[in-house]
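Understanding the architecture of this molecule
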Amino acid sequence: MRFLLDAEQREFARSLDGLLASCDTPAAIRSWAAGDHAPGRALWARLAGAGVFALAVPERYDGFGVLPLELTVAFTELGRHAVPGPLVETVAAAALLDRLERLDGQGGQGDGHAAEAHLPGIAAGKTVASLCLTSLGPYALDADTADAVFVVDGDVLRVAGEAGPVQASADPGRRLSRASGGTVLAEGPAVSAAAAYAADVAALATAAQALGVGRALLARTVEYVKQRTQFGVAIGSFQAVKHRLADTLVALEFADPLVHGAALALAAGAPGAGREIAAAKVTAGEAAYRAARTALQLHGAVGYTDELDLSLWIRKARPLRDAWGTPAACRARVLAA
């Protein structure tokens with residue numbers, strides 16, 4: 001099977017690439033890590049204007065409809081430019097609220113207004129959301145800056161009231177903290193069912209983001225080995241370097257159709273969508289991590305210095321590999337299916 005994006009999807013990717021290339025995302029990441037969210041929020045508003053968040057919101061709430069394939073196209077570009085913020089968590093929260101509203105008649109006990117209250121703001125970029133499923137861990141991403149932090153604990157959904165101290169992270173652009181207190185929005189079997197769907201959306205978006213990070217790392221490394229010389233020649237001419245780069249490229253190219261195929265399965269509501277998402281997540285995450293190790297090895301010691309922007313991408317690869325489904329958990333899900 002030959003999988004190709006259509007002309008409109010490719011143009012959407014190019015437009016996002018052009019938009020983000022004109023922004024100083026490394027500076028936004030460093031400001032975000034220091035607790036200054038203004039540059040990141042300004043970037044967030046521009047992404048909302050391009051329709052990124054509306055791709056996860058139904059039309060009745062001012063979105064474009066839930067479009068998983070277009071989401072993967074967008075998140076690949078967000079990863080390529082290492083955009084900071086709870087991007088994945090925001091679209092996952094939108095998926096949770098939308099699915100919960102649909103399932104509310106099957107055992108839910110919510111107030112029925114959560115989707116109406118939050119989804120239009122998410123689509124417009126006015127609401128930065130975070131999502132924590134306690135079954136996956138106790139931390140919420142960027143809870144200190146999010147406008148709404150949704151916490152699912154078993155069959156209970158609540159909006160957290162406050163965020164605890166920010167924890168250290170391998171990626172300076174990922175600020176993790178515990179969310180506590182708050183107001184219960186819904187409870188019942190529909191909550192856990194909606195949370196499972198939201199986790200799939202988050203895993204898919206994270207896989208696409210990891211794919212973009214890996215592609216950016218490979219592109220930067222290829223340019224670097226053309227310039228760095230040893231023994232009077234560019235190190236990119238060495239066979240061992242070529243093999244390492246080729247292996248990295250093959251891993252990324254193999255992950256690409258898996259990510260898009262999983263998006264199509266999710267959009268179609270296929271019974272095996274969860275398995276395909278898990279396969280895409282582990283493959284894209286491992287490919288991005290391979291790209292980070294390749295970039296670090298071929299750049300040498302300069303690769304992990306804070307002064308070099310490349311380090312921001314290198315430090316993002318491993319957290320994305322493990323977020324919303326570790327490799328072991330994803331492989332177990334594929335084997336169980």
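Higher on the page you've got the structure.
Below is a summary of the structure that appears in this document. Residues take numbers from 1 onward in each chain, read along the sequence in its written order. With pLDDT at 70 or above as the cut-off, local features in this predicted model cover only qualifying residues; side-chain atom pairs require 80 or more to be listed or tallied, and sums for whole chains, interfaces and linings still use all residues. In computing side-chain properties, one takes all heavy atoms of the structure into account and sets aside hydrogens as well as water.

1. Observations regarding the pairing of strand E4 (residues 156-159)
Put simply, the rule is: Classification of residues uses two cut-offs on accessible area relative to the type maximum, computed with a 1.4 Å probe and protein chains only: under 20% is buried, over 50% is exposed, and between them is partly exposed. Put simply, DSSP marks the helices as runs of H or I at least four residues long and the strands as runs of E at least two long, and each gets a number from the N terminus on. At least two DSSP bridges between two strands are required for those strands to pair.
Burial of the side chains of E4 is restricted to one face: Leu157 and Val159 are buried, whereas none of Val156 and Arg158 on the reverse face is. Between the antiparallel neighbours strand E3 (residues 148-153) and E4 lie 2 residues, among them glycine 154 with a positive phi of about 65 degrees.

2. Some details on the layout of surface pockets
Vacant regions in the atomic arrangement are exposed by a probe of water-molecule size rolled over the atoms. Using the following cut-off: Here a cavity means grid points, on a 1 Å grid over the protein atoms only, where a 1.4 Å probe fits yet cannot get out; a pocket means an open set of points with protein on both sides within 12 Å along at least five of seven lines; lining residues are those with an atom within 4 Å of a point. Grid points are joined across faces, edges and corners, and a volume is the space filled by probe spheres set on the points. Here the nonpolar group is Ala, Val, Leu, Ile, Met, Phe, Trp, Tyr, Cys and Pro; Asp, Glu, Lys and Arg are the charged ones; every other residue, Gly included, is treated as polar.
Roughly 460 Å³ of internal volume is contained in the largest pocket. Every residue lining the largest pocket is counted, 20 residues in all, and those nearest its centre are Leu136, Tyr139, Arg174, Ala323 and Trp324. Counting residues per element, the ones that place at least two in the lining of the largest pocket are strand E1 (129-133), strand E2 (139-141) and helix H10 (310-322). For the lining of the largest pocket, the per-class residue count stands at 13 nonpolar, 4 polar and 3 charged.

3. What about the sheet that holds E2?
With respect to topology, 3 strands assemble into an open sheet ordered E2-E6-E5, the strand pairing being antiparallel. Because the sheet does not close on itself, it has two edges, and the strands there are E2 and strand E5 (162-163). Bridge analysis of E5 against strand E6 (residues 176-180) gives 2 bridges, and the strand direction is antiparallel. Along E6, the bridge assignment pairs alanine 163 with alanine 179.

4. What about the nonpolar core?
Short version of the rule: In this description, a nonpolar core means a group of buried Ala, Val, Leu, Ile, Met, Phe, Trp, Tyr and Cys residues linked to one another through side-chain atoms lying within 4.5 Å. Contact definition: two residues touch when any of their heavy atoms are within 4.5 Å.
Membership of the largest hydrophobic core comes to 86 residues, with the highest contact counts inside it found for Leu47, Phe53, Phe75, Leu131, Phe150, Leu157 and Trp324. For this core, the leading source of residues is helix H7 (residues 189-227), giving 17 residues. Apart from residues no more than four positions distant in its own chain, leucine 131 is found in contact with Glu89, Ala92, Ala93, Leu96, Phe150, Val152, Ala198 and Trp324.

5. A look at empty space enclosed by the protein
Summed over all chains, the structure comprises 2 cavities of 30 Å³ or more. Counted as a void, the largest cavity has a volume near 100 Å³. Along its surface, the largest cavity is lined by 16 residues, and Gly85, Leu141, Arg174, Gln209 and Leu320 are the ones closest to its centre. When residues in the lining of the largest cavity are grouped by element, the largest group, 3 residues, is from helix H5 (residues 87-103). A breakdown of the residues in the lining of the largest cavity according to their chemical character gives 8 nonpolar, 4 polar and 4 charged. Counted as a void, the second largest cavity has a volume near 60 Å³. Forming the walls of the second largest cavity are Ala56, Val66, Pro68, Leu71, Val91, Ala95, Tyr197, Val201, Leu204 and Leu266.

6. Structural notes on the pattern of salt bridges
Condition: By convention in these notes, a salt bridge is any Lys or Arg side-chain nitrogen within 4 Å of a carboxyl oxygen on Asp or Glu.
In the structure shown here, the tally under the stated rule is 17 salt bridges. Put simply, arginine 331 and glutamate 286 hold a salt bridge, and the shortest N to O gap is 3.2 Å. Highlighted residues: arginine 331 in helix H11 (residues 327-336) and glutamate 286 in helix H9 (residues 273-299), separated in sequence by 45 residues. Glutamate 286 sits in the partly exposed class, given a relative accessible area of 25%. A single salt-bridge network, built from bridges that share partners, covers Arg60, Asp98, Glu101 and Arg102.

7. What to know about the environment of isoleucine 122
Structurally, isoleucine 122 can be placed in helix H6 (residues 114-124). Considered as a pair, isoleucine 122 and alanine 93 are 29 residues apart in the sequence and their alpha carbons are 9.1 Å apart.

8. Structural notes on helix H3 (residues 38-49)
Note on helix geometry: an α-helix contains 3.6 residues per turn, so any two residues three or four positions apart are oriented the same way. Let me state the cut-off plainly: Take the residue count of a helix, subtract one, and multiply by 1.5 Å to get its expected span. Throughout, the arc means the angular range of directions from the helix axis out to the C-beta atoms.
A rise of 1.5 Å per residue sets the reference length of H3, with its 12 residues, at 16 Å; its end C-alpha atoms lie 17 Å apart and thus fit the reference within 8%. Where H3 is concerned, the buried positions are Gly40, Leu43, Trp44, Leu47 and Ala48. Projected down its long axis, H3 carries its buried residues within an arc of 145 degrees, all on one side. In H3, the exposed positions angled more than 90 degrees off the buried face are occupied by Ala38 and Gly49. Residue glycine 51 follows H3 closely and has a positive phi angle near 90 degrees.

9. As for the sheet that holds E1
To keep things clear, this is the line we draw: Simply put, an axis is a line fit to the C-alpha atoms, just over the touching stretch for a helix, and the angle between two N-to-C directions goes from 0 to 180 degrees.
Strand order in this open sheet of 4 strands is E1-E3-E4-E7, and the pairing throughout is mixed. Each edge of the open sheet carries a strand with a single partner, namely E1 and strand E7 (183-187). Sheet twist, expressed as the average angle between the axes of neighbouring strands with direction ignored, equals 20 degrees. Sheet topology places E3 next to E4; 4 bridges connect them, and they run antiparallel. Within the sheet, the bridge partner assigned to valine 152 lies in E4 and is leucine 157. Here H5 sits on the sheet in contact with E1, E3, E4 and E7, set at roughly 70 degrees to E1. Across the sheet, H7 touches E1, E3, E4 and E7, and the angle it forms with E1 is around 115 degrees.

10. With respect to the side chain of threonine 294
Keep this limit in mind: Side-chain atoms alone can form a polar contact between residues adjacent in sequence; in general such a contact is a pair of N or O atoms within 3.5 Å, and within protein one must be able to donate a hydrogen while the other accepts it.
In this structure, threonine 294 sits in helix H9. Accessibility expressed as a relative area gives 1% for threonine 294, which makes it buried. A distance of 2.9 Å separates the side chain of threonine 294 from the side chain of threonine 248, its partner in a polar contact. Those residues within four positions of threonine 294 in sequence are excluded, and the remaining contacts are Thr221, Arg244, Leu245 and Thr248.

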